[in-house]
Structures are given as C-alpha cells and as structure tokens.
Amino acid sequence: GRTLSWFETVAAIAFTFALATLGFKFIEHPLRRSPRLIHRPALNYSLGAALIGVTALVGVGVSQYRPQASTGVVAEAPSLNTSTTTTVAPGTAIAPMDSSASTNGSATTTSPTTATTLPPLVDNRDAEPLAAILAALDNTVLPENVRPDVYNAVNDTSTLYDTNCHQFMTPAVTKGCVFGDTDGDFTIGLIGDSHAAQWFAAINAIAIDNKWRLIAHTQGGCPLLDVVTWNRGADAVFSHCASWRDAVIDDLQQEEVNVVIVSQHWGLLEASTRAAVPASVWERDLPVLFDRLRSIDIEPVLFLDSPDPYDSVPACAVSHKTDLTSCEPGVLRNTERSVREVASSIADEMSVGLIDPHVWLCVDVSPDDDSDTTRCPVVIGDILVYRDSHHLSNTFVEWFTPVLSAELVDWITAQ
C-alpha cells in the first residue's frame with residue numbers, strides 16, 4: 001500500500017500511545033487492583049483467558065475483513081483485435097505512447113555474421129494502440145467478474161514461481177531450468193529479476209508453439225547490472241546477486257542459448273544510497289552486459305520495464321471501484337524516465353532488439369487544453385492488469401501472448 005507521510009506516521013504513533021494509556025488507566029490497572037479478582041484466582045485466570053480469546057477473535061476478524069467490491073458490472077473478455085476503431089471522449093486526441101527514445105533507425109539492421117537480410121530488428125515503438133486498451137480508457141468501474149480476483153491477485157504469478165528457477169536470496173543458480181519444447185533444436189533464454197519472470201507465461205507459450213527450448217533464470221531483487229542492491233522487503237543487501245548473475249550467463253552458454261530476453265525493474269535500490277539505481281549505472285553497465293552476451297554468441301533482446309503504479313492496484317481498485325482512473329500509473333518518476341531514455345538509446349546504438357511495454361499498455365491523451373496526459377488502464381475488459389504495485393498479473397500476460405508472439409517470432413526464427 002501507500003507509504004505513510006512523516007506527519008501520518010507521527011500521528012499514528014501518538015494515537016496508538018494514547019489508546020494504550022487509556023487502556024492501562026481505565027481497564028488494565030483497575031482489573032489488576034480489583035480485590036474481587038485478587039482473592040479469586042480461578043475467576044482471574046478465566047477472565048484473562050476470555051480476554052485473550054476475544055483479542056484473538058478480533059484480530060482474525062480484522063485480518064479477514066474484505067470491503068464490499070460489488071459494483072453490478074459484468075465485463076466481457078477483451079478482444080485482441082488490433083484495430084484502433086473505438087469511441088473516445090469528444091475532443092480527445094489519441095496517440096501511441098511516446099517512448100522518449102530515438103526513432104526506429106535500426107529497422108533495417110542486418111546481422112554482422114551473415115549475408116542474409118534479417119527481418120526488421122525487434123522494436124515495437126511504432127506500434128499502434130490496441131483497441132482493447134483504447135476501450136479500457138472509458139471503463140472506470142471495477143467489474144464483478146474481474147480476473148484475477150482482487151483479493152487473490154498477489155498470487156496470480158506464472159508457473160515459474162512454482163519451480164526453483166525463480167529464486168530468492170540464493171547465490172548459486174538452479175540447473176536444469178529448461179522449458180518450452182525441451183526437445184527443440186533452437187534455444188532462447190529469459191533472465192532478470194521478477195520483472196523478467198512476469199513475462200514467463202507468454203515466452204514459454206511462444207517457445208512451445210515454435211518448438212524452441214527455453215532456459216529461464218530469474219531471481220527476485222537481483223539486477224542484471226553490476227551493482228549491489230538493497231532490498232526493502234528483506235531489509236538486506238543483496239550481495240549474492242553477483243555470483244548468481246555470473247552463473248546464469250555461464251549456464252546460458254552451456255545450454256547454447258541463441259537469443260536471450262533480458263529485463264529488470266527500474267526501481268531496484270542501490271545499496272549505497274537506498275535510492276533507485278540511477279541512469280548513469282545503466283549507461284555504464286548495460287553495454288557491458290550486451291557485449292558479454294554477444295561475446296558468447298548470444299543475442300540479447302531488451303524488455304524495458306512495464307508501467308509502475310504508485311500503489312497496490314488490487315487494493316486501490318477495491319477502494320475506488322467506481323473510479324479506476326485513480327489507480328492508474330501516473331507521471332513517470334524522474335529516475336524511471338531517465339533510465340528508459342538511456343536504455344532505449346543504448347539499444348539503438350548497439351542495434352539490440354527492444355520491447356517497450358508502455359507502447360502497448362499506455363496511451364498519450366491530449367485534451368482540448370493541450371496538456372499532455374498519459375493513461376495506462378488497470379482493468380482491460382474483465383482482466384486486472386496488475387497483481388500488486390508493480391508486477392503484471394499472469395492472467396494479463398497470458399491474454400497478451402499473441403501480441404508478443406507477433407513482435408518476436410519472425411526475427412528470432414531468422415537468427
């Protein structure tokens with residue numbers, strides 16, 4: 001949920017202290033000094049047990065409380081028809097999401113190792129908005145049949161989470177992480193943190209359809225950049241990531257991976273500052289990663305980060321069930337914007353394939369007052385796009401698989 005402000009934190013502490021003081025003065029102290037209880041131990045113990053029981057029941061009740069999410073609206077499953085014909089608010093201009101990167105100058109890039117002209121390099125930045133995304137701009141009410149259910153959305157992860165191939169706080173890499181068509185002759189890879197793991201369902205399905213082997217290695221909170229991070233959830237410095245990262249690349253080489261998809265959350269925190277890893281580190285380390293992969297004949301494809309809401313989307317959707325626009329990712333944070341610009345520029349300079357999810361999931365909307373606004377719907381048809389405050393739901397990724405397939409398959413097949 002939302003982080004409390006300094007004032008809210010102090011107010012909460014003061015309120016808690018006041019309640020504790022009143023409870024001690026008017027409940028605990030009188031009971032402890034009651035002559036009736038002092039001379040009747042059995043009654044004393046019974047009362048204590050009863051109070052403990054009541055406290056436990058109240059705690060369980062509070063923890064299980066779920067605000068009513070009923071809205072009376074039932075939505076249809078969204079269509080993947082790429083036509084942009086839809087009804088939008090009068091006077092509103094719709095344009096593809098601006099990736100803040102250079103134009104697709106790498107579209108005619110050819111492989112330096114072959115005389116064969118390859119299909120255009122993977123690059124979705126010129127993609128048109130999907131009709132389902134445009135339609136979702138006008139859907140402001142949480143459907144009763146939303147998938148996944150808002151109260152269980154946090155668990156809507158890919159099956160990679162059910163294996164040891166998505167790791168956490170582990171310096172050694174898990175061997176044998178082979179998915180897709182395990183008997184395939186062509187091998188692709190997927191590496192990174194949980195923001196790479198969120199794409200597994202789609203990449204695995206694409207691999208199966210095209211008879212590719214898939215090697216997947218992801219670890220929560222571990223960067224692909226050569227930087228030591230601090231993890232807020234674990235309250236720990238993640239010094240184990242360096243050895244894991246080296247082992248991952250070694251395993252990709254041993255498995256003879258041809259193409260690897262790399263992705264990392266822009267918001268991982270640098271250990272020395274406990275602030276988001278700055279764009280300067282991406283500028284320093286991303287080319288090194290690309291060169292390292294290419295030196296062992298593995299061609300990288302960079303997935304930029306998906307939209308990053310400010311709050312838990314499922315929780316926000318329950319609180320704002322008739323105004324889902326309140327839950328949408330807002331203006332890009334400064335570091336997020338600069339990281340996207342740097343990473344896109346490096347991909348262009350090094351002719352590395354690039355996928356920017358914002359192009360598909362967000363739309364630049366320019367109202368009559370000419371002020372630019374970016375909209376990223378959090379519910380598309382009956383699908384909840386985010387499972388928490390920064391991961392895509394697996395339900396959405398599965399639905400979105402054909403879009404990724406159309407972008408990736410021709411180019412990867414030509415390698």
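Criteria and cut-off values
By convention here, each chain's residues receive numbers from 1 onward along its written sequence. The model is predicted, so local features are restricted to residues of pLDDT at least 70 and side-chain atom pairs to those at 80 or more, both for listing and for counting; the totals for chains, interfaces and linings are taken over all residues. Think of the side-chain values as coming from all heavy atoms in the structure, minus any hydrogens and water. Note on exposure labels: buried denotes an accessible area under 20% of the residue type's maximum, exposed denotes more than 50%, and partly exposed covers the range between, all computed with a 1.4 Å probe on protein chains only. A run of H or I in DSSP becomes a helix once it reaches four residues, and a run of E becomes a strand once it reaches two; helices and strands are each numbered from the N terminus. When DSSP locates at least two bridges between a pair of strands, those strands are taken to pair. In this text, buried Ala, Val, Leu, Ile, Met, Phe, Trp, Tyr and Cys residues form a nonpolar core when linked through side-chain atoms within 4.5 Å. We call two residues in contact whenever any of their non-hydrogen atoms come within 4.5 Å of each other. Of the grid points, spaced at 1 Å and generated over the protein atoms alone, those admitting a 1.4 Å probe that cannot get out make up cavities, while open sets with protein on both sides within 12 Å along at least five of seven lines make up pockets; any residue with an atom within 4 Å of a point is treated as lining. Grid points are joined across faces, edges and corners, and a volume is the space filled by probe spheres set on the points. Amino acids outside the nonpolar list (Ala, Val, Leu, Ile, Met, Phe, Trp, Tyr, Cys, Pro) and the charged list (Asp, Glu, Lys, Arg) are all regarded as polar, and Gly is one of them. By definition, a salt bridge exists where a carboxyl oxygen of Asp or Glu is found within 4 Å of a side-chain nitrogen of Lys or Arg.

What follows deals with the pairing of strand S10 (residues 299–303). Across the 5 residues of S10, 5 count as buried, placing the element largely inside the fold. When strand S8 (residues 259–263) meets S10, the two strands line up parallel, connected through 5 bridges. Counterpart to Val262 in the pairing with S10 is Leu302. As judged from the 3 bridges shared by S10 and strand S11 (residues 353–355), these two strands associate in the parallel manner. Across the sheet, residue Phe303 finds its bridge partner in S11, namely Ile355.

Counting 68 residues, the largest nonpolar core has Ile188, Phe303, Phe396, Phe400, Leu404 and Leu408 as its most contacted members. At 10 residues, the largest contribution of residues to this core is made by helix H12 (residues 394–413). With residues up to four places along the chain from it excluded, the contact list for Phe303 reads Trp199, Ile203, Ile261, Val262, Ser263, Ile355, Leu404 and Leu408. By size, the runner-up hydrophobic cluster in this structure holds 39 residues, among which are Ala236, Cys241, Trp266 and Leu354.

So, about the sheet that holds strand S9 (residues 269–270). The strand order across the open sheet formed by 3 strands is S7-S6-S9, and the pairing between neighbours is antiparallel. One side of each edge strand has no neighbouring strand; the edge strands of this open sheet are strand S7 (236–238) and S9. As judged from the 2 bridges shared by strand S6 (residues 229–231) and S9, these two strands associate in the antiparallel manner. Bridge pairing in S9 links Trp230 to Leu269.

Our focus in this paragraph is empty space enclosed by the protein. Summed over all chains, the structure comprises 3 cavities of 30 Å³ or more. In this structure, the largest cavity is lined by 17 residues; those nearest its centre are Gln264, Trp282, Leu302, Phe303 and Leu304. Of all elements in the fold, only S8, helix H8 (279–295), S10 and helix H10 (334–349) reach the threshold of two or more residues within the lining of the largest cavity. Per-element accounting of the lining of the largest cavity gives the leading share, 4 residues, to H10. Residues of the lining of the largest cavity, tallied by class, amount to 12 nonpolar, 2 polar and 3 charged. What lines the second largest cavity is Asp156, Thr157, Ser158, Tyr161, Ser194, Ala197, Gln198, Arg387, Leu392, Ser393 and Asn394. When its residues are assigned to classes, the lining of the second largest cavity shows 3 nonpolar, 6 polar and 2 charged.

Counting buried positions over the 7 residues of strand S4 (residues 186–192) gives 7, a clear majority of the element. Alternating positions in S4 separate into two faces, Phe186, Ile188, Leu190 and Gly192 on one and Thr187, Gly189 and Ile191 on the other, with burial throughout. In this sheet, strand S5 (residues 212–219) lies alongside S4 in parallel orientation, the contact comprising 7 bridges. Residue pairing across strands places Leu190 opposite Ala216, the latter belonging to S5.

Here Leu302 is to be found in strand S10. Ignoring sequence-local partners within four residues, the contact set of Leu302 consists of Val262, Leu286, Phe290, Ala343, Val352, Gly353, Leu354 and Ile355.

Scanning the entire structure with this criterion turns up 13 salt bridges. In this structure, the salt-bridge partner of Asp382 is Arg147, at a minimum N-O distance of 3.0 Å. In this pair, Asp382 is assigned in the loop between strand S14 (379–380) and strand S15 (383–384) and Arg147 in the loop between helix H4 (131–136) and strand S2 (166–167), connecting sequence segments 235 residues apart. The exposure class of Asp382 is buried, given its relative accessible area of 7%. A relative accessible area of 35% places Arg147 in the partly exposed class. Measuring nitrogen to oxygen at the nearest pair gives 2.7 Å for the salt bridge that ties Glu255 to Arg213. Of the two residues, Glu255 sits in the loop between helix H7 (241–254) and S8 while Arg213 sits in strand S5, which places them 42 residues apart along the sequence. In this structure, Glu255 and Arg213 share a single accessibility class: buried. One continuous salt-bridge network, built from bridges that share partners, spans Asp123, Arg125 and Asp348.

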